[in-house]
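Given next are the chains, with one letter for each unit.
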Amino acid sequence: MAALPAPLADAIRIRSRRQLESGFTTTPDWRAPWHVSSLPEDTFDVMCDALEQEPCPALDPESGACLIHADRPATCRLMGMALRTTEGDLLDNLCPIQAQFPDYAALAPTSLDLMQFEVDAAQLDLEAMADGWHATTVAGAIAVNP
C-alpha cells in the first residue's frame, strides 16, 4: 500500500473500511484490529458467506486487476491458480475472479511443496506476530496498516 500513489491507496482503504462495516451486520462486536482468531469459527463462516459476493477491496473497480498483486497476501497467492503438490494432489483454482478471465482459469497448475510452504508460513506468522501483526482479512489488513 505504501508504494501506491496516495489517491489509489486511499480508495483501496475506503473500500476496505466499507467491506469491514458491511461485515458488522453479522459480527457487530468485531472491531479493529479485526483479529480473525477472536471470532468463533461458525461466526467467521457466516461473515464470509455474507461477504462472498463482495469484490476484494484491492481489485480495481474499472479493470478488475489486483492493485497490490506484487505484495498480495498468502491467501491470494494460494487461491490465485491451481496448484499441484509434490505428492501429486491437485488444489483447484478457487479464485472468485477467474470466471471473468477464462485464460487465467485455464492456466496449468503450479507446483507447490505444500508441506514446506506450511512450515515456512508458520515461521513467518510467528515472526509477524512478534512484530505485532495478527491474522485478519485482506480488508482488515489494509484498513489497519498504512
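Notes on the structure in this doc start here. Note that the structure is predicted; figures quoted are calculated from it, not measured. (Residues numbered from 1 in each chain as written. Predicted model: local features only at pLDDT ≥ 70, side-chain atom pairs only at ≥ 80, totals over all residues. Heavy atoms only, no water.)

1. Some words on the sheet that holds strand 2 (residues 90-91)
Two modes of strand pairing occur in sheets, parallel and antiparallel, and in both the strands are linked by backbone hydrogen bonds.
Consideration 1: Read across the sheet, three strands follow the order 2-1-3 without closing on themselves; strand pairing throughout is mixed. Sheet topology places strand 2 and strand 3 (110-112) at the edges, where each strand pairs with a single neighbour.
Consideration 2: Strand direction decides the pairing type here: strand 1 (residues 83-85) and strand 3, joined by three bridges, are parallel. Its bridge partner lying in strand 3, leucine 83 is registered against threonine 110. (Pairing = 2+ DSSP bridges. Helix = DSSP H or I, 4+ residues; strand = E, 2+ residues; numbered from the N terminus.)

2. Regarding the pattern of salt bridges
Consideration 1: Taken as a whole, this structure holds one salt bridge when the rule is applied.
Consideration 2: Across the salt bridge formed by arginine 13 and aspartate 10, the nearest N and O atoms sit 3.5 Å from each other. Placement of the pair is arginine 13 and aspartate 10 together in helix 1 (residues 6-23), with a separation of three residues, close to one helical turn.
Consideration 3: Given a relative accessible area of 14%, arginine 13 falls into the buried group.
Consideration 4: The exposure class of aspartate 10 is partly exposed, given its relative accessible area of 42%. (Salt bridge = Lys/Arg side-chain N within 4 Å of Asp/Glu carboxyl O. Buried < 20%, exposed > 50% of the residue type's maximum accessible area, 1.4 Å probe, protein only.)

3. Structural notes on the nonpolar core
Consideration 1: Counting 10 residues, the largest nonpolar core consists of Leu20, Phe24, Trp30, Trp34, Val36, Leu39, Met47, Leu51, Ala139 and Ala143.
Consideration 2: If we ignore the near neighbours within four places in the chain, the residues touching phenylalanine 24 are Trp30, Arg31 and Trp34. (Core = buried A, V, L, I, M, F, W, Y, C linked by side-chain atoms within 4.5 Å. Contact = heavy atoms within 4.5 Å.)

4. Regarding helix 1
Consideration 1: With 18 residues, helix 1 ought to run about 26 Å at 1.5 Å a step, and its terminal C-alpha atoms sit 26 Å apart, in line with that.
Consideration 2: Inspection of helix 1 places Ala9, Ile12, Arg13, Ser16, Gln19, Leu20 and Gly23 among the buried residues, and these make up the whole buried set. Projection of helix 1 onto a plane perpendicular to its axis shows the buried side chains occupying an angular sector of 125 degrees, all on one side. Exposed and facing more than 90 degrees away from the buried side of helix 1 are Pro7 and Arg18. (Expected span 1.5 Å × (residues − 1). Arc of directions from axis to C-beta.)

5. Observations regarding the side chain of threonine 85
Consideration 1: The topology assignment puts threonine 85 in strand 1.
Consideration 2: For threonine 85, a relative accessible area of 6% gives the class buried.
Consideration 3: When residues no more than four places from it in sequence are discounted, the contact partners of threonine 85 are Leu91, Leu112 and Leu114.

6. Quick look at the environment of alanine 135
Consideration 1: Within the fold, alanine 135 resides in the loop between helix 5 (114-130) and helix 6 (138-144).
Consideration 2: Judged by relative accessible area, which is 47%, alanine 135 ranks as partly exposed.
Consideration 3: Separated by 106 residues in sequence, alanine 135 and aspartate 29 place their C-alpha atoms 17 Å apart.
Consideration 4: Once residues within four sequence positions are removed from consideration, alanine 135 is found in contact with Trp34, His35 and Val36.

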